[in-house]
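Chain by chain, the residues:
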Amino acid sequence: MDVVSLSRWQFAITTVYHFLFVPVTLGLTLFLALLETCYVTTNRSHWKDSCRKLIKFFGNIFLINFAMGVVTGIVQEFHFGMNWSEYSRFIGDIFGAPLAMEALTAFFLESTFLGIWVFGWDKLPEKLHCACIWLVAIGSNLSSFWILVANSFMQHPVGYSIENGRAVMTDFTALITNPYVIGELSHTIFSGIATAGFLLLVICAWKIARDYASRNAFMKILKGVSIYLFIGIMGTMGTGHMHTQYLAEAQPMKLSSMEALWETEDPAPFAVVADINQDARKNDMEIKIPGMFSFMLYNKPEGAVQGINQLQKAAEAQYGPGNYTPDVSGLFWSFRLMIACGSAMAGIAFIFGGISFVKPELLVRFKCIPAAMPLLLPLPFLANSAGWFIAEAGRQPWIVVGLQKTADAVSPNLTPGNVLLTMTGFTLIYLILAVAAFYAACRVIRTTTVQSADQERGNL
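In this report, we go over the structure that sits alongside the text. (Residues numbered from 1 in each chain as written. Predicted model: local features only at pLDDT ≥ 70, side-chain atom pairs only at ≥ 80, totals over all residues. Heavy atoms only, no water.)

## Details of unusual backbone geometry
- For the bond running from aspartate 266 to proline 267, omega is 0 degrees, close enough to zero to count as cis.
- On the secondary structure map, proline 267 appears in the loop between α9 (252–258) and β3 (270–277).
- Along the chain, glutamine 396 connects to proline 397 via a cis peptide bond; the corresponding omega equals 15 degrees.
- Secondary-structure assignment places proline 397 in the loop between α15 (378–393) and β5 (398–400).
- At aspartate 122, a residue that is not glycine, the phi angle is positive and equals roughly 65 degrees. (Helix = DSSP H or I, 4+ residues; strand = E, 2+ residues; numbered from the N terminus.)

## Structural notes on the packing of aromatic side chains
- The full count for this structure, using the stated rule, is 19 aromatic pairs.
- Relative to phenylalanine 218, the ring of phenylalanine 57 has its centre 5.4 Å away and its plane inclined at 80 degrees; by these criteria the two rings are edge-to-face. You can see phenylalanine 57 sitting in helix α3 (residues 45–82) and its partner phenylalanine 218 sitting in helix α8 (residues 215–250), a full 161 residues away along the chain.
- Over the ring of tryptophan 121 we find lysine 56; its NZ or CZ atom is 5.2 Å from the centre of that ring.
- We note arginine 336 situated over the ring of phenylalanine 332; from NZ or CZ to the ring centre the distance is 3.6 Å. (Phe/Tyr/Trp six-rings, centres within 6.5 Å; stacked < 30°, edge-to-face > 60°. Lys NZ or Arg CZ within 6 Å of the ring centre and 35° of its normal.)

## Focus: the side chain of asparagine 178
- Within the secondary structure, asparagine 178 sits in the loop between α6 (172–176) and α7 (179–210).
- For asparagine 178, a relative accessible area of 0% gives the class buried.
- In terms of polar contacts, asparagine 178 uses its side chain to reach the backbone carbonyl oxygen of histidine 156, at 2.9 Å.
- Those residues in contact with asparagine 178 that sit more than four places away from it in its chain are Ser152, Phe153, His156 and Val158. (Buried < 20%, exposed > 50% of the residue type's maximum accessible area, 1.4 Å probe, protein only. Polar contact = N/O pair within 3.5 Å; in protein donor to acceptor, adjacent residues only side chain to side chain. Contact = heavy atoms within 4.5 Å.)

## A closer look at the environment of tryptophan 206
- Looking at the secondary structure, you find tryptophan 206 in helix α7.
- In this structure, the C-alpha to C-alpha distance between tryptophan 206 and leucine 104, residues 102 residues apart in sequence, is 39 Å.
- With residues near it in sequence (within four places) discarded, tryptophan 206 still touches Asp211, Pro370, Ala371, Pro374, Ile445 and Arg446.

## Structural notes on the environment of tyrosine 180
- Examined against the element boundaries, tyrosine 180 turns out to sit in helix α7.
- Since its relative accessible area comes to 1%, tyrosine 180 is described here as buried.
- Between the alpha carbons of tyrosine 180 and asparagine 323 there is a distance of 24 Å; along the sequence they are 143 residues apart.
- The contact partners of tyrosine 180, leaving out residues within four places of it in the chain, are Ser152, Gln155, His156, His243, Tyr246, Leu247, Ala250, Gln251 and Lys254.

## Remarks on the packing of helix α5 (residues 126–155) against α7
- The interhelical angle for the contact between α5 and α7, taken along N-to-C directions, is 140 degrees, at an axis separation of 9 Å. On the basis of their axis angle, the class for α5 and α7 is oblique. Considering only the axes of α5 and α7, their crossing is right-handed. Taken together, the residues of α7 that come into contact with α5 (itself represented by Asn141, Ser144, Phe145, Leu148, Val149, Asn151, Ser152 and Gln155) are Tyr180, Val181, Glu184, Leu185, Thr188 and Ile189.
- Of the residues in the contact of α5 with α7, the class split is seven nonpolar, six polar and one charged. (Axes fitted to C-alpha atoms, helices over the stretch in contact; angles between N-to-C directions. Parallel < 35°, antiparallel > 145°, perpendicular 65-115°, else oblique. Left-handed = near helix turned anticlockwise from the far one by under 90°. Nonpolar A, V, L, I, M, F, W, Y, C, P; charged D, E, K, R; others polar.)

## Topic: helix α1 (residues 3–19)
- Here α1 spans 24 Å end to end across 17 residues, near enough to the 24 Å set by a 1.5 Å rise per residue.
- When we look at burial in α1, the residues that qualify are Val3, Val4, Leu6, Ser7, Gln10, Ala12, Thr14, Thr15, Tyr17 and His18. (Expected span 1.5 Å × (residues − 1).)

## Observations regarding the packing of α7 against α8
- At their nearest, the axes of α7 and α8 sit 7 Å apart, and the two run at 155 degrees to each other. Comparing the axis directions of α7 and α8 gives the class roughly antiparallel. With respect to the hand of their crossing, α7 and α8 are arranged in left-handed fashion.
- Per-class residue counts for the contact of α7 with α8 are 24 nonpolar, twelve polar and three charged.

## Things to note about a nonpolar patch on the surface
- Together, Val272, Met285, Ile287, Ile289, Met292 and Phe295 line one region of the surface with nonpolar side chains, adding up to about 490 Å² of accessible area.
- Following the sequence through the fold, isoleucine 289 ends up in strand β4 (residues 282–289). (Patch = residues over 30% accessible without salt bridge, like charges linked within 9 Å, V, L, I, M, F, W, Y side chains within 5 Å. Areas by Shrake-Rupley, 256 points an atom, 1.4 Å probe, with all protein chains shown as cover. Salt bridge = Lys/Arg side-chain N within 4 Å of Asp/Glu carboxyl O.)

## Thoughts on the nonpolar core
- In this structure, Leu35, Leu54, Phe57, Phe58, Phe218 and Ile221 are the most contacted members of the largest nonpolar core, which totals 81 residues.
- The greatest single-element share of this core, amounting to 14 residues, is contributed by α7.
- In this structure isoleucine 221 touches Phe31, Leu35, Leu54, Phe58 and Cys204, once residues within four positions along its chain are discounted. (Core = buried A, V, L, I, M, F, W, Y, C linked by side-chain atoms within 4.5 Å.)

## Regarding the pattern of salt bridges
- Using the criterion set out here, one finds six salt bridges in the structure.
- For the salt bridge of arginine 89 with glutamate 86, the shortest nitrogen-to-oxygen distance reads 3.2 Å. With arginine 89 and glutamate 86 both in helix α4 (residues 85–119), this residue pair falls three residues apart, about one helical turn.
- Classification of arginine 89 by relative accessible area gives partly exposed; the value is 37%.
- What makes glutamate 86 partly exposed here is its relative accessible area of 24%.
- One salt bridge connects glutamate 259 with arginine 336, and the closest N-O pair in it is separated by 2.7 Å. Here glutamate 259, found in the loop between α9 and β3, pairs with arginine 336, found in helix α12 (residues 328–358); they are 77 residues apart in sequence, far enough to count as distant.

## Describing the environment of threonine 415
- Its location among the elements puts threonine 415 in the loop between β6 (404–405) and α16 (416–447).
- Residue class for threonine 415 comes out partly exposed when judged on its relative accessible area of 34%.
- In this structure, the C-alpha to C-alpha distance between threonine 415 and asparagine 83, residues 332 residues apart in sequence, is 9.8 Å.
- A polar side-chain atom of threonine 415 sits 2.8 Å from a polar atom in the side chain of asparagine 418.

## What about the pairing of strand β2 (residues 166–169)?
- For strand β1 (residues 160–163) and β2, the ladder comprises four bridges, and the chain directions are antiparallel. Within β2, the residue paired with isoleucine 162 across the bridge is alanine 167.
- Connecting the antiparallel pair β1 and β2 is a turn made up of two residues, with asparagine 164 showing a positive phi of about 55 degrees. (Pairing = 2+ DSSP bridges.)

In structure tokens form, the structure reads like this:
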């Protein structure tokens, strides 16, 4: 493989590892903040005791996840200088600003008050301690804002000019109000809520089925977890739908590739499955729903959607000869994987939420159902990884759409051996760290008892 392909693989592997932990951080900080708010405001002494224990229990899981997110995220910074120095030279004046703001504001806010929150139990007043976890949650989600500001410029450049062969920022306000940021940020925050909510649901289900001493406490919180998860999933679907509609204007090639729509159609069908022949630039076989794609984009059963072949010709006319079509098969099936995982999560949230409100004793009577929930834990992580692939692979061959191609952004003195060596090393190290983190989290879940006041008195 050449340097460009290896560098892309290395960054993809690093990012996927990192992105396993980021959504959990975003969603879990908000949940902990809401849970501690309940702890501070409740007047029910029995629930207050259980609530505090649950906060500390979930807080330990959060700390493991947070540590892994920091460790895996730091390495990404080095990619820009080592693998992608031409990208840094061309776009560094713009890309560096939001990254600097992320470190100076969001990360410092998050890490500082996380330390105070961890060591401040029984040392700070309850309300002040609760304010600390809210600041951690704000910092975490503010961090995602700055990162997505940088990423959105790559997807949809605004507020810049080209001077001496480099992109220079001319309007910082335009950068942070980029319309692309709104869709990415809202979708990311809600997907974080959904990911953390599903993780919490799995933990609650397992504890109810396997940990008799903790059963009461987790039965109490299951309703709240189910609601939190359902809000996250519905928000993810809603923001994803709106952002997809925006792609018709901002990135029509990515949009049509997600649907393997080779020719412009009005109305455009939605392909449920397709046998994609990218070499021949057509689908050899497809099962489609007439007019559905147009309905998804325009909220009505008609409306033209540009085809990949027409968009390719337009790109050649604008930018010169070349292949401007991304990996259609990868985008097509990643989009369907993401939708399938999200739909499955929504169904599980609805079922568990309904049981927890109507007849929670069923979870105790049929223990095999909640005990099997850990087998479904990969669902949100598969959905997140597929979504990341769609966002980044969909802009290829551009690293900054319309301004710089990926092939022109790689470091000029880099060799395939350099990249292969470091990629292999980091992949092995990350694998060891991921296994260690998973083991530590499982150990916390298995060995930590969260006994409610009712159970301590023997009342179930």
